[in-house]
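Examination of the molecular architecture
Residue-level listing of the chains:
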Amino acid sequence: DFCLCVEDQGNLVACMLCTVPLPNVLYIGGTLVLPVYQGMGIKAQGTRYILNDRPDLTWFAGRTQSSIVWSSVHSIAQEMLPHPNKQGVSPQTSERLQALVQALGMTSPIQSGFYGGALYGRKPVNQNLEVQAWWDTLCDFDRGDAVVYIARL
């Protein structure tokens with residue numbers, strides 16, 4: 001639906017491809033940040049900017065191979081799927097995830113080989129080894145699996 005572009009002194013340094021596939025759901029379909037600007041929180045700032053500008057968007061979703069990306073979203077979410085401990089996750093969140101999977105033309109929140117191989121140069125490893133161990137049961141990095149997540153903010 002739209003692209004958020006980030007500039008530094010008139011030079012494009014990042015962009016986020018965004019859509020609203022379901023009412024109230026912001027889905028980030030892709031993010032590109034120049035290497036020198038990576039790790040500066042540009043995606044988080046851009047996401048906050050969009051959500052502040054669009055208060056109707058109360059859900060956030062994306063697709064990733066990275067448990068680190070999952071953790072960064074989980075840290076600001078009221079509830080999120082997938083999650084290693086599904087206790088306390090409302091049926092509404094499960095229903096939203098299934099509706100999102102359908103809206104994206106997928107059959108499951110985990111798409112085997114979606115990226116055609118490792119998306120990143122080397123596998124991102126979560127500092128929380130329990131989270132990483134759980135993530136590795138969902139996502140085969142070398143095969144290029146993708147995991148769709150949804151979070152209620």
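All values reported here derive from a predicted model rather than from experimental measurement. All residue numbers here refer to positions counted from 1 along the written sequence of the relevant chain. Under the rules for a predicted model, residues below a pLDDT of 70 receive no local features and side-chain atom pairs below 80 are neither given nor counted, while totals for whole chains, interfaces and linings still include all residues. Excluding hydrogens and water, the side-chain figures rest on all heavy atoms present in the structure.

1. Some words on the packing of helix α2 (residues 67-74) against helix α4 (residues 129-138)
- To get an axis, a line is fitted to the C-alpha atoms, and for a helix only the part in contact is used. The angle between two axes follows their N-to-C directions and goes from 0 to 180 degrees. Only DSSP runs of H or I covering at least 4 residues are called helices, and only runs of E covering at least 2 are called strands; the numbering of each starts at the N terminus. Viewed as axis vectors pointing N to C, α2 and α4 meet at an angle of 120 degrees, and their least axial separation amounts to 10 Å. Crossing of α2 over α4 shows right-handed handedness. Seen from α2, the contacting residues are Ser67, Trp70 and Ser71; seen from α4, they are Val131, Gln132, Trp134 and Trp135.
- Three classes are used, and their members are as follows: Ala, Val, Leu, Ile, Met, Phe, Trp, Tyr, Cys and Pro are nonpolar, Asp, Glu, Lys and Arg are charged, and the others, Gly among them, are polar. When the residues that make up the contact of α2 with α4 are grouped by side-chain class, the tally is 4 nonpolar, 3 polar and no charged. Left-handed describes a crossing whose near helix is turned anticlockwise from the far helix by less than a right angle; the clockwise case is right-handed. By the convention used here, residues are in contact when the closest approach between their heavy atoms is within 4.5 Å.

2. A short note on unusual backbone geometry
- Cis geometry marks the peptide bond from Leu81 to Pro82; its omega dihedral reads -5 degrees.
- Mapped onto the secondary structure, Pro82 falls in the loop between β5 (79-81) and α3 (91-103).
- In the Ramachandran plot, Gln9 falls in the positive-phi region, its phi being about 50 degrees despite a non-glycine side chain.
- For Gln9, the location among the structural elements is in the loop between β1 (2-8) and β2 (11-22).

3. Things to note about the environment of Asp1
- Mapped onto the elements, Asp1 comes out in the segment before β1.
- For Asp1, a relative accessible area of 69% translates into the label exposed.
- A C-alpha to C-alpha distance of 32 Å links Asp1 and Asp136, two positions 135 residues apart in sequence.
- If sequence neighbours within four positions are ignored, Asp1 has contacts with Cys18, Thr19 and Val20.
- The term polar contact refers here to a pair of N or O atoms within 3.5 Å; inside protein, the definition further demands a hydrogen-donor-capable atom paired with an acceptor-capable atom, and it admits residues adjacent in sequence only when both atoms are side-chain atoms. Within the structure, Asp1 has its side chain in polar contact with the backbone nitrogen of Val20 (distance 3.0 Å). A 1.4 Å probe rolled over the protein chains alone gives each residue an accessible area, and that area as a share of the maximum for its type sets the label: buried under 20%, exposed over 50%, partly exposed in between.

4. Structural notes on the side chain of Gln132
- Turning to its location among the elements, Gln132 is positioned in helix α4.
- Excluding its chain neighbours within four sequence positions, the residues that come into contact with Gln132 are Ser67, Lys123, Pro124, Val125 and Asn126.

5. Describing the packing of aromatic side chains
- Side-chain rings of Phe, Tyr and Trp, where Trp is taken by its six-membered ring, are said to pair if the distance between their centres is within 6.5 Å; with planes under 30 degrees apart they count as stacked, over 60 as edge-to-face, and otherwise as tilted. This model, assessed by the stated rule, comprises 4 aromatic pairs.
- For the pair Trp134 and Trp135, a centre-to-centre distance of 5.8 Å together with 70 degrees between the ring planes defines the contact as edge-to-face. Comparing Trp134 with Trp135, the two get one shared label, buried.
- Pairwise contacts between aromatic rings join Trp70, Trp134 and Trp135 into one cluster.

6. Side note on the pairing of β1
- DSSP calls a pair of strands paired once it identifies at least 2 bridges connecting them. Pairing of β1 with β2, which is carried by 7 bridges, proceeds in the antiparallel orientation. Bridge assignment links Leu4 to a residue of β2, and that residue is Met16.
- Hairpin geometry of β1 and β2 is characterised by an intervening segment of 2 residues between the two adjacent antiparallel strands and by a positive phi of about 50 degrees at Gln9.

7. Section: the pairing of strand β4 (residues 59-64)
- Across the 6 residues that make up β4, a large majority, 5, are buried.
- Here strand β3 (residues 25-33) pairs with β4 via 4 bridges, running parallel. Residue Val25 lies in a different strand from β4, and its bridge partner there is Trp59.
- Call a crossover right-handed when, viewed with both strands pointing away from you, the route from the first strand across the helix to the second goes clockwise. Note on the crossover from β3 through helix α1 (residues 42-53) to β4: the handedness is right-handed.
- Taken together, the 6 bridges between β4 and strand β7 (residues 146-152) define a ladder with antiparallel strand orientation. When the bridges of β7 are listed, Gly62 appears paired with Tyr149.

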